[in-house]
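# An overview of the molecular structure
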Amino acid sequence: MVAIARGWLLVIVVALGISALSYFGLNAYMQQILFYIAINVMLAASLNLVNGFCGQFSLGHAGFMAVGAYVSALVSLHFHPFEGALEILNFPIYLIAGGLCAAAMGFFVGMPSLRLRGDYLAIVTLGFGEIIRVTLLNLDVVGGARGLYGIPGNTDFMACFHAFFWAGTTVLLLWRLVHSSFGRAFLSVREDEIAAECMGINTTRIKVLAFVISSFFAGAAGSIFAHTTNALNPASFQFVKSVDVVIMVVMGGMGSLTGSVVGAIIVTILPEALRPLQEYTHVDLRMVIYSLTLILLMIWRPAGILGSREWNQLKFWRKNAPAA
Amino acid sequence: MRRLNQVLVAICCVLSFACTKKNEGGGSEAATEIKVGQYGSMTGGEATFGQSTDKGIRLAIDAKNAAGGIKGKKIVLITEDNQGKPEEAAAVVKKLITQDKVVALLGEVASTRSLAAAPIAQQYKIPMISPSSTNPEVTKRGDYIFRTCFIDPFQGPVMARFAYNNLKLRKVAILKDLKSDYSLGLSEFFAKKFKELGGEIVSEQTFQTGDTDFKGQLTRIRSSEPEAIFIPAYYTEVGLIARQTRQLGIKAILLGGDGWDSPKLFEIGREAVNGSYFSNHYASESPVPATQDFIKKYKEKYHETPDGLAAAGYDAAQVLLLAMENAPEITPTAIRDQIAKTKDYQGATGKITINADRNADKDAFIVKVDGKVLKFVTLLGP
Amino acid sequence: MQELVQHILNGLNLGAIYALIALGYTMVYGVLQLINFAHSEVYMVGAFASYYGAIQFHLTEKPGWGAFAIALLISMTVCSLLGLAIERFAYRPLRNAPKLNTLITAIGVSLFLQFSGQVVFGADPKVFPEVLQDSTLYTFGEIQIQLFDVTIFVVAIVAMLALNWFINKTKTGMAIRAVSFSFRSATLMGINVNWIIAVTFILGSSLAGVGSVLVGLKYPKIDPLMGTLIGLKAFVAAVLGGIGNLPGAVVGGLLMGLCEEMVVAYLSSTYRDALAFGLLIFILLFKPSGIMGQTRVEKV
């Protein structure tokens with residue numbers, strides 16, 4: 001119990017710290033980047049649960065993000081439970097609504113798909129992601145192809161705190177999950193499904209569980225996205241977005257939560273850091289570099305930056321402490 | 001424990017660097033420059049729109065700078081490409097306003113992208129002039145949003161009247177683009193007026209920007225035996241549609257709106273687009289002196305005949321420059337007030353008066369496609 | 001009735017294109033068990049290769065079968081070379097790695113080519129040169145049979161028959177079939193696996209090249225992103241017919257085209273793309289081996 005309390009405290013302190021820094025120290029451009037970092041951390045960590053820890057390759061993450069984003073946007077446009085001083089309590093409601101719907105979608109997608117293996121699972125999840133996007137494109141109630149505009153929400157101190165609070169919560173909850181008996185079940189399914197089945201683990205149930213939890217956090221990330229950009233368009237949730245998240249996970253290391261955080265930060269900052277290059281050469285090479293990185297990563301260091309180690313397993317920490 | 005301390009110190013150092021990047025002071029009045037932002041689709045399916053508009057705008061601004069600028073200050077045009085995507089339009093407009101600190105915005109041609117950017121311009125109170133977005137919703141986004149062209153509630157009925165009265169058509173089919181606010185709005189207004197006049201819309205089919213195959217929709221249309229097909233879309237798809245129409249043996253006349261205006265229309269559509277009519281913001285054969293004057297200057301600078309988008313861009317830039325000249329000071333609000341007062345400005349696309357809805361009351365030119373040339377047919381007013 | 005016949009014709013024409021590209025996917029999957037995501041981009045590069053080739057060699061000045069043949073040759077050559085390069089530099093290093101890594105690499109290559117294409121060719125669409133002129137061959141009432149449509153259909157069928165003959169009746173074909181069963185055993189039998197894989201890629205990519213020229217003639221707009229959607233649908237077609245099965249690819253392609261046409265005509269054009277994925281999910285859930293495929297037994 002103490003561990004959990006310490007975890008939450010750390011999350012709150014970090015979130016407050018980053019928000020204060022952002023509000024008082026950074027300009028609008030940098031603040032936007034911070035929000036994207038929070039969103040990407042949630043996406044990467046949740047995808048890592050399915051891809052890295054459970055070994056099921058899902059390419060449809062953008063679809064769940066889209067569901068979460070649109071649902072929470074619709075809820076916030078039509079429904080204001082708390083007014084006035086208690087307004088800060090509104091946002092968690094929108095977020096959880098989005099997350100739950102995304103989780104439900106994850107269940108519907110996962111149940112039939114998780115029977116498939118490897119390549120086929122990847123393609124089917126890709127398919128579902130695209131179907132979700134095309135459906136949203138054709139639903140007039142969410143604006144269809146024109147998109148949904150005027151979603152309430154801004155990028156001030158409270159919003160920043162919310163974003164990082166939820167990002168921290170995601171990482172914390174997933175950390176606890178992975179270091180529990182569920183986590184060991186996920187790993188066993190990844191290593192050898194048939195052996196896991198022999199050991200009495202209901203592999204289908206485990207896989208669907210991982211999928212649903214992962215979709216919840218993807219939906220939560222989507223709702224933060226919706227409320228910071230104030231406008232949604234199905235074009236933001238194409239296959240390329242899913243690939244973005246895959247790059248983050250692969251770069252950080254599949255099977256390492258710290259890796260996902262690191263990967264998310266790098267992948268968010270890299271295109272912005274490369275923007276001067278674009279202005280210099282007048283040509284947008286960012287996506288080219290992006291995809292080239294993915295190829296080189298898979299050929300030369302498929303384990304990613306951290307492999308499957310977490311931050312407390314790095315050699316860095318062992319140097320001076322006598323009792324390792 | 002020691003390691004932990006080291007890491008925390010390192011983080012603090014990094015963060016302290018980040019702190020130094022705070023907002024550089026506001027104020028878009030740098031000593032000798034006036035910054036104007038332009039956002040358009042320089043690449044993508046409607047690339048010629050952005051590129052033509054850009055040429056027209058530059059013609060106006062370069063001429064003004066050569067004549068001494070505004071109150072001695074040079075006008076700097078900062079252009080951003082939105083690649084034809086609405087979310088990109090929103091992002092670059094945000095960048096132009098918050099990072100480049102422009103005092104005014106020019107853009108966009110496509111209504112969908114203008115609609116994406118308008119709320120942002122309104123939020124930051126930067127005046128925005130769209131040279132050729134025709135969907136009525138654009139200017140409804142706020143009192144800082146203007147346009148120097150006509151709107152679809154006018155353009156649709158114009159084509160309907162032309163089809164009914166001039167071409168004596170009674171049965172028309174519509175093929176519209178579901179991804180484009182422009183297409184949906186224009187087809188709605190056309191259909192309403194055409195039915196009012198006594199005509200019949202025999203079939204209404206849809207497609208999406210980016211589609212290349214329209215045989216399914218056209219086969220359905222063929223069965224309804226229309227005399228003409230109204231295609232309120234952009235030139236790339238129109239070209240492909242026209243070809244496939246003739247491949248299916250459909251002899252109906254093709255009608256369209258200002259989205260057809262591009263040199264690429266004939267390149268893609270070939271003979272299939274010959275003999276079609278569409279409504280436009282201007283015609284190169286118009287006898288109005290201001291139009292011919294613009295064409296002459298444009299040919300001098302770029303060695304080619306301008307299309308409607310370039311003319312519209314030129315006019316929008318001129319209206320902005322005029323407003324800046326008349327404004328007591330070069331601030332967004334003052335410029336905005338002057339734009340609203342624009343009256344009887346003789347532009348290359350006609351006489352521009354900004355009315356109470358921040359739109360321009362103008363006439364529409366109907367042109368006929370004949371190879372690479374657009375022949376002037378008639379001028380229709382409200 | 002005439003309308004229905006026209007729709008069926010349209011669907012078959014659409015399907016023939018998918019069939020041609022699906023053959024490439026199915027060949028590579030049959031040998032390497034790899035979904036070559038980059039295939040659609042090879043197709044796109046082929047279209048641009050013939051675009052620039054036509055400008056370079058002034059092919060539009062004398063349109064006809066000669067110019068068409070030259071355009072085809074250019075496209076096929078460039079596509080084969082590109083396919084070989086991709087195999088050599090992106091897939092071969094990962095021959096012994098887990099399948100997942102190769103899949104991710106394939107996605108990476110596909111995206112890399114797409115974005116490089118946008119940088120090199122420019123993102124605005126270009127008009128494909130008219131190296132051959134379309135004409136109406138026959139007319140039945142309202143229905144016109146166009147030259148291009150017939151050409152595409154004939155090429156797809158001929159390609160499938162030729163490939164089938166090649167795989168089943170020649171020595172190299174037998175080697176390809178051996179490699180698809182087991183790399184090691186094939187090597188033990190004296191087959192140069194690298195060379196065989198190279199041949200597979202050449203065959204598949206050349207077909208993509210042929211397809212791109214034919215599609216460029218029919219729908220003259222080409223842009224760097226043209227391959228994505230059509231590649232995905234062709235892949236679904238290959239899975240529909242049974243991935244690894246050559247006649248299956250053609251059957252799947254034609255079926256795909258027909259379904260798409262019917263959806264556009266009688267439902268709404270907005271669902272035409274979702275249909276592809278819907279079909280994919282449907283077939284993978286109910287008959288993963290496809291219409292003409294055989295179920296494989298997996299031993300533990």
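## Some thoughts on the overall build of chain A
From N to C terminus, chain A includes 13 helices and two strands. Considering only C-alpha atoms, chain A reaches an extent of 55 × 50 × 50 Å along its principal axes. By the burial criterion, 53% of the 324 residues in chain A qualify as buried. Across chain A, contacts joining residues at least 24 apart in sequence account for 81% of those joining residues at least 6 apart.

## Observations regarding the interface of chain A and chain C
In this assembly, 32 residues from chain A lie in contact with 30 residues from chain C. Those elements giving two or more residues to the side of chain A that touches chain C turn out to be α5 (118–138), α10 (239–252) and α13 (286–300) of chain A. The biggest single contributor to the side of chain A that touches chain C is α5(A), with 13 residues. For the side of chain A that touches chain C, a count of residues per class yields 24 nonpolar, five polar and three charged.

## Observations concerning helix α10 (residues 289–302) of chain B
All names here are of chain B. With 14 residues, α10 ought to run about 20 Å at 1.5 Å a step, and its terminal C-alpha atoms sit 20 Å apart, in line with that. Thr-291, Phe-294 and Tyr-298 are the residues of α10 that are buried. The buried residues of α10 all sit within an arc of 65 degrees when viewed along its axis, so they share a single face. α10 presents Pro-289, Asp-293, Lys-296, Lys-299 and Glu-300 as exposed residues on the side facing more than 90 degrees away from its buried surface. At the C-terminal side of α10, His-303 shows a positive phi close to 60 degrees.

## Notes on the packing of helix α5 (residues 152–166) of chain B against helix α6 (residues 181–197) of chain B
All names here are of chain B. The N-to-C vectors of α5 and α6 enclose an angle of 45 degrees; their axes lie 7 Å apart at closest approach. Classed by the angle they form, the pair α5 and α6 counts as oblique. In this structure, α5 meets α6 at a crossing whose hand is right-handed. Residue-level contacts link Asp-152, Pro-153, Gln-155, Gly-156, Pro-157, Met-159, Ala-160, Arg-161, Ala-163 and Tyr-164 of α5 to Gly-185, Leu-186, Phe-189, Phe-190, Lys-193, Phe-194 and Leu-197 of α6.

## Some thoughts on unusual backbone geometry
Residue and element names in this part refer to chain B. For the peptide bond that leads from Gly-107 to Glu-108, omega is -5 degrees, which places it in the cis range. Its identity is not glycine, yet His-303 carries a phi of approximately 60 degrees, on the positive side. On the secondary structure map, His-303 appears in the loop between α10 and α11 (308–326). Of note in this structure, Arg-358 is not a glycine but carries a positive phi near 65 degrees. Relative to the helices and strands, Arg-358 is located in the loop between β12 (350–352) and β13 (364–370). Arg-358 sits in the buried class, given 22 other C-beta atoms within 10 Å.

## What about the pairing of strand β10 (residues 277–280) of chain B?
Residue and element names in this part refer to chain B. A two-sided burial pattern is seen for β10, the buried positions comprising Tyr-277 and Ser-279 on one face and Phe-278 and Asn-280 on the other. Two elements, strand β9 (residues 253–256) and β10, share two bridges in a ladder whose sense is parallel. Opposite Gly-256, over in β10, you have Phe-278 as the bridge partner. In this region the chain leaves β9, passes through helix α9 (residues 264–269) and returns to the parallel neighbour β10; the handedness of that crossover is right-handed.

## Considerations on the sheet that holds strand β2 (residues 74–81) of chain B
Residues and elements named next belong to chain B. Strand order in the open sheet made by the five strands is β2-β1-β3-β4-β5, with parallel pairing throughout. With one partner strand each, in any of the chains shown, β2 and β5 (145–147) form the two edges of the open sheet. Averaged over all pairs of adjacent strands, the angle between their axes in this sheet comes to 25 degrees, without regard to strand direction. Where strand β1 (residues 33–40) lies against β2, eight bridges are found, and the strand directions are parallel. The partner of Gly-37 across the bridge, within β2, is Ile-78.

## Overview of the sheet that holds strand β7 (residues 200–207) of chain B
Residue and element names in this part refer to chain B. Ordered by their spatial adjacency, seven strands build an open sheet running β7-β6-β8-β9-β10-β13-β14, and the pairing between neighbours is mixed. Two strands bound the open sheet, and with one partner strand each, they are β7 and β14 (373–380). Neighbour-to-neighbour, the strand axes of this sheet turn through a mean angle of 25 degrees, independent of strand direction. As judged from the seven bridges shared by β13 and β14, these two strands associate in the antiparallel manner. By the bridge assignment for β14, Lys-368 is matched with Lys-375. Where helix α7 (residues 215–223) meets the sheet, it contacts β6 (171–177), β7 and β8 (228–230), and its direction lies at approximately 170 degrees from that of β7.

## Remarks on α5(A)
Its 21 residues give α5(A) an end-to-end C-alpha distance of 31 Å, which sits within 8% of 30 Å, the value for a rise of 1.5 Å per residue. Taken across its 21 residues, α5(A) has 16 buried, putting it largely inside the fold.

## A word on the pairing of β6(B)
Residues and elements named next belong to chain B. In terms of burial, β6 is a largely internal element, six of the seven residues being buried. Note that β6 and β7 share seven bridges and pair parallel. Bridge pairing in β7 links Asp-177 to Phe-207. Handedness of the crossover joining β6 and β7 through α6 is recorded here as right-handed. In this structure, β6 lies alongside β8, joined through three bridges in parallel fashion. From the neighbouring strand, Ile-174 faces β8, where its bridge partner is Phe-230.

Parameters at a glance
- Residues numbered from 1 in each chain as written.
- Chains lettered and ligands numbered in written order.
- Predicted model: local features only at pLDDT ≥ 70, side-chain atom pairs only at ≥ 80, totals over all residues.
- Helix = DSSP H or I, 4+ residues; strand = E, 2+ residues; numbered from the N terminus.
- Buried ≥ 20, exposed ≤ 12 C-beta atoms within 10 Å, placed from the backbone.
- Contact = placed C-beta atoms within 7 Å.
- Nonpolar A, V, L, I, M, F, W, Y, C, P; charged D, E, K, R; others polar.
- Expected span 1.5 Å × (residues − 1).
- Arc of directions from axis to C-beta.
- Axes fitted to C-alpha atoms, helices over the stretch in contact; angles between N-to-C directions.
- Parallel < 35°, antiparallel > 145°, perpendicular 65-115°, else oblique.
- Left-handed = near helix turned anticlockwise from the far one by under 90°.
- Pairing = 2+ DSSP bridges.
- Right-handed = clockwise from strand over helix to strand, strands pointing away.

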